[in-house]
Amino acid sequence: MPLSRLAALYGVATSYSPSPDRTVAASDEAVVAALAALGVPAGTPDAVRGSLAAREAELRERLLPPTLVCWTGSAPATPPAPGPSAGARSPAAPAGDGASPTAGRPASPGSSLPGAGGPVSGADDASQDSVAPGGIPGGSSLASALAALPEGTRLRVRTEQGETRASVEGLEPGVHELEATAPDGRTARAHLVVAPTRLPEPPGRTYGLLVQVYSLLSRHSWGMGDLGDLAELTAWAGRALGAGFVQVNPMHAAVPGAPTDPSPYRPSSRRYPDPVYLRVEDVPEFAYAGDGDRDRVRALLEKADRLRESVLHKGALIDRDAVWELKREALELVRDVPLGPGRRAAYCDFLAEEGEALEDHATWCALAEVYGSDWKGWPPGLRDPRSAETARARGELMDRVDFHSRLAWLTDAQLATAQRSARDAGMTVGLVHDLAVGVHPGGADAWAQQEYFAAGMSVGAPPDAFSVQGQDWGLPPWRPDRLAESGYAPYRRLLRALFRYAGALRIDHVMGLFRLWWVPQGRPATEGTYVRYDAEAMLAVLALEASRAGALVIGEDLGTVEPGVRETLQEHGVLGTSVLWFERDWDGTGLPLPPEQWRTDCLATATTHDLPPTASRLTGDHVELRDRLGLLTRPVDEERAEAAADVGEWLALLARLGLLQGAAGGVSEQSEEAEIQAVHRFLLRTPARLVGVWLPDAVGDRRPQNLPGTWDQYPNWRLPVADAEGRPITLEELAASPRLHALAEVVREGRTTGGCGQAG
């Protein structure tokens, strides 16, 4: 069919397979809507024929796809220690013309690039659609593209380092510009991503803590955990517990509102961090703030004390809006303090390095203060970040633009301090930051990067056994065609910004590097379809930026994953995520998977922020919670029986392995604690390179941080870490907790008995 052929040429699926034995056709309406979001008319048979003819003619005449990939050797096995150059931006590709090269025949598929560390890699057609998003078999493979060029085509490469070459041989890793001139006079330019085949690998086995930063309050917090608390946690965990990393929630900037959406997975910007996490007292200028009005500063500190006490001792939820109101007022006072010469120079360097991206972000923040936080409701002229009206408004609001630019600088600096604290404490990895799958449609990134987002579309998931209605996450997807045309510039800039203060990066829904479920806005999630991305290019950019930073990458690959994806990720060194309760012999007995059968290249944990804490799982509290909230789809007795059987099978395996020490049965706190320790002994028995301990598990907290499927029925993302009785506890109390130290000893024993521990 013409529509199917047209869809294939743009990477739009006309069917999908929720299971190996079942194929579901996407509706024509969904396919037409996805094509329309890519700028392809397909609403009528004539439109389909015209678009198909135009696309086929374009591909016949095109010399090169917009982005090409060359894999070259391996990344360093051990991330380097941070030094003066850590976090430095890579050089921009030069714009000047070089000398014209002599004519030469293009390299053939599989030919080596001398000095580059290995052969040119072709795409693995077995794991891709028959036609890749680039419109040619093999997608972005350099070998395939060069082999298809006419004989006698001349090549010229402008390297990222400023050189001009006549061939692709011996290129250093980077994003270069390749120009081809055919004998008939046709020319083409493409971005050439040269990247190491594998990402950096973990420096030996290690374990770490998983924590939602906002939930971890100390005696100094202003009502929620902050970057000062994070730095303190990393210093303590590295030195006192021998932890190798601390994984945190996404620190992305939130969309301001009344109230602000507390979910860290629906941010305004993924590139810039949220200043609500600033430790105000750690800003050097704060010591001099309010010199003429010390009473105002004192009043702010007293309000911060009351806000903290309300969360820790009066049962109040974490209130980001109240916290930000106080911090914003304090930071306004801080901004009035002149920067010293060194600080001023550092701030100017930050502004210069960030350039237009920061100016856009700060402009959106300033405009949102005036017109609200959804740019689609702003005056028409301000909806375009490049319009004359926006330029005038920026000038009129320059004081506010500077304020928000300053906040980005201060937050960036405190994040870097937290990572330095981790590495100084002996952590081999340090901070593991989390990259959300997308951004809020009304936020700063969606406004500033409109050309890269698919208008009228939302990312989600198709119907499956867990969600028969499918899912709509309300996040606009990136357009794969625009990404390729830009050499993946916004993706590269995003990764570079996050790696600046990370020892590792967790990528939420890592399968999105391959394809995403696009849902037309206003339609149910069942009426969507998959749109494929150039996974080879996405992985190459990821490998390039991770290797430059010496950072690991962990992919969240839970749930249904299409065949070949996990294998491809593993080939390139992307670690997976394995959660104990999901690891069963699904193709055989269905029983819990023995530790020796777990995969090696993964982060192994007992739970995550979206799942019940281990104490809740063991006691069945998670079933009772969902029953109270009316979330069960089956009788509660069936749910209880299934949950008890699930736990029973795991406990039986733990007992057979001799891991249950001190668990006398029943539901006592002592037995529950012993069972949690046994779960972590099990994780240490697996070959997993990284083992994560959910910090609330260390003190018996039974409350999930997020309960999927709820909005106002449950306080998602607003709970402080608490003990087994539900009493909020501070970072200082955590550090002194006998229960936490007992679990830490379990991990230490694993280190000495061949289990998980820091590399020496």
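Residues numbered from 1 in each chain as written. Predicted model: local features only at pLDDT ≥ 70, side-chain atom pairs only at ≥ 80, totals over all residues. Heavy atoms only, no water.

With 163 residues, the main nonpolar core has Val12, Leu35, Val246, Tyr491, Trp518 and Leu542 as its most contacted residues. Per-element accounting of this core gives the leading share, 10 residues, to helix 14 (residues 535-549). Apart from residues lying up to four places away in sequence, Tyr491 is in contact with Trp478, Leu513, Met538, Val541 and Leu542. (Core = buried A, V, L, I, M, F, W, Y, C linked by side-chain atoms within 4.5 Å. Buried < 20%, exposed > 50% of the residue type's maximum accessible area, 1.4 Å probe, protein only. Helix = DSSP H or I, 4+ residues; strand = E, 2+ residues; numbered from the N terminus. Contact = heavy atoms within 4.5 Å.)

Let us now look at the pairing of strand 17 (residues 504-507). Residues Ala504 and Arg506 of strand 17 are buried on one face, and the alternating residues Leu505 and Ile507, pointing to the opposite face, are buried as well. Pairing between strand 14 (residues 430-435) and strand 17: 4 bridges, direction parallel. Of the residues in strand 17, the one forming a bridge with His433 is Leu505. Bridge count for strand 17 against strand 20 (residues 552-555) is 4 bridges, and the pairing is parallel. Considered in strand 20, the bridge of Arg506 is made with Ile554. (Pairing = 2+ DSSP bridges.)

Moving on: the sheet that holds strand 19 (residues 529-532). Two modes of strand pairing occur in sheets, parallel and antiparallel, and in both the strands are linked by backbone hydrogen bonds. One open sheet holds the 4 strands; their spatial order is 16-15-18-19, and the pairing between them is antiparallel. Looking at strand neighbours, the two that pair on one side only are strand 16 (471-475) and strand 19, the edges of this open sheet. Strand after strand, the sheet turns through a mean of 50 degrees between neighbouring axes, direction not considered. In the sheet, strand 18 (residues 515-520) pairs with strand 19 via 4 bridges, with the strands oriented antiparallel. (Axes fitted to C-alpha atoms, helices over the stretch in contact; angles between N-to-C directions.)

So, about helix 2 (residues 28-37). Within the span of helix 2, buried status applies to Ala30, Val31, Ala34, Leu35 and Ala37. Buried residues along helix 2 cover an arc of 160 degrees about the axis, so they all sit on one side. Of the surrounding secondary structure, the elements contacted by the buried residues of helix 2 are helix 1 (2-9), strand 15 (457-461), strand 18 and strand 19. The positive-phi residue at the C-terminal boundary of helix 2 is Gly39, with phi of around 80 degrees. (Arc of directions from axis to C-beta.)

Pairing is mixed in the open sheet, where 5 strands are placed in the order 3-9-8-6-7. This sheet does not close on itself; its edge strands, each paired only once, are strand 3 (67-71) and strand 7 (164-165). Note that strand 6 (residues 154-158) and strand 7 share 2 bridges and pair antiparallel. Bridged to Arg158 within strand 7 is Thr164. Lying on the sheet, helix 14 is in contact with strand 3, strand 8 (174-181) and strand 9 (187-195); it crosses strand 3 at an angle near 55 degrees.

What the rule picks out here adds up to 12 aromatic pairs. For the ring pair Trp517 and Tyr530, a centre distance of 5.0 Å and an interplane angle of 75 degrees mean the geometry is edge-to-face. You can see Trp517 sitting in strand 18 and its partner Tyr530 sitting in strand 19, a full 13 residues away along the chain. Among the residues examined, Trp517 registers a relative accessible area of 1% and is labelled buried. A residue is classified by how much of its surface remains accessible, and Tyr530, at 13% relative accessible area, is buried. An aromatic cluster of at least three residues, connected via ring pairs, comprises Trp581, Trp598, Trp650 and Phe682. Geometry around Trp478 places Arg270 over its ring, the cationic atom sitting 5.0 Å from the centre. Of note, Arg515 hangs over the ring of Tyr530, and the distance from its end group to the ring centre comes to 3.7 Å. (Phe/Tyr/Trp six-rings, centres within 6.5 Å; stacked < 30°, edge-to-face > 60°. Lys NZ or Arg CZ within 6 Å of the ring centre and 35° of its normal.)

Locating Ala30 in the fold gives a position in helix 2. Residues within four places of Ala30 in sequence aside, it is in contact with Glu527, Gly528 and Thr529.

The backbone phi angle of Tyr488 is positive, close to 60 degrees, even though this residue is not glycine. Tracing the chain through its elements places Tyr488 in the loop between helix 12 (480-485) and helix 13 (489-499). One non-glycine residue, Trp717, adopts positive backbone phi at about 65 degrees. Its place among the elements puts Trp717 in the loop between strand 23 (690-694) and helix 20 (731-735).

Inspection of every chain in the model, using the stated rule, returns 9 cavities of 30 Å³ or more. There is about 240 Å³ of room inside the largest cavity. If you go around the largest cavity, you meet 21 residues; those closest to its centre are Arg270, Val437, Trp478, Gly512 and Leu516. Residue composition of the lining of the largest cavity, grouped by class: 16 nonpolar, 3 polar and 2 charged. Computed from the structure, the second largest cavity encloses a volume of approximately 130 Å³. Lining of the second largest cavity is provided by 16 residues; of these, Leu210, Gln247, Arg506, Thr608 and His609 occupy positions nearest its centre. Looking at the lining of the second largest cavity, the elements that each hand over two or more residues are strand 10 (206-211), strand 11 (245-248) and strand 22 (602-605). When its residues are assigned to classes, the lining of the second largest cavity shows 6 nonpolar, 8 polar and 2 charged. (1 Å grid on protein atoms, 1.4 Å probe; cavity = no way out; pocket = protein on both sides within 12 Å on 5 of 7 lines; lining within 4 Å. Points joined across faces, edges and corners; volume = space filled by probe spheres on them. Nonpolar A, V, L, I, M, F, W, Y, C, P; charged D, E, K, R; others polar.)

When pLDDT drops low, the exact placement of atoms in the prediction is not to be read closely. The pLDDT averaged across the chain works out to 89; a share of 89% of its residues lies at or above 70. The low-confidence segment residues 74-138 (pLDDT under 50) makes 126 contacts with residues lying over four places distant or belonging to another chain. (pLDDT = per-residue confidence, 0-100.)

In total, this model carries 58 salt bridges according to the counting rule given. Where Arg689 meets Glu201, a salt bridge forms, and the shortest distance between an N and an O atom there is 3.7 Å. Highlighted residues: Arg689 in the loop between helix 19 (669-685) and strand 23 and Glu201 in the loop between strand 9 and strand 10, separated in sequence by 488 residues. Residue Asp723 pairs with Arg727 through a salt bridge whose shortest N-O separation is 3.2 Å. We classify Asp723 as buried; its relative accessible area is 12%. Connected through shared salt-bridge partners, Arg328, Glu332, Arg335, Glu369, Asp399, Arg400, Asp402 and Arg406 make up one network. (Salt bridge = Lys/Arg side-chain N within 4 Å of Asp/Glu carboxyl O.)

On to the packing of helix 6 (residues 294-313) against helix 7 (residues 320-335). Their axes nearest at 10 Å, the elements helix 6 and helix 7 cross at an angle of 160 degrees. With respect to helix 7, the axis of helix 6 lies roughly antiparallel. The element helix 6 and its partner helix 7 pack so that their crossing is left-handed. Taking contact as the criterion, the partners of Arg296, Val297, Leu300, Lys303, Ala304 and Leu307 in helix 6 are, on helix 7, Ala322, Val323, Leu326, Glu329, Ala330 and Leu333. Residues of the contact of helix 6 with helix 7, tallied by class, amount to 9 nonpolar, no polar and 3 charged. (Parallel < 35°, antiparallel > 145°, perpendicular 65-115°, else oblique. Left-handed = near helix turned anticlockwise from the far one by under 90°.)

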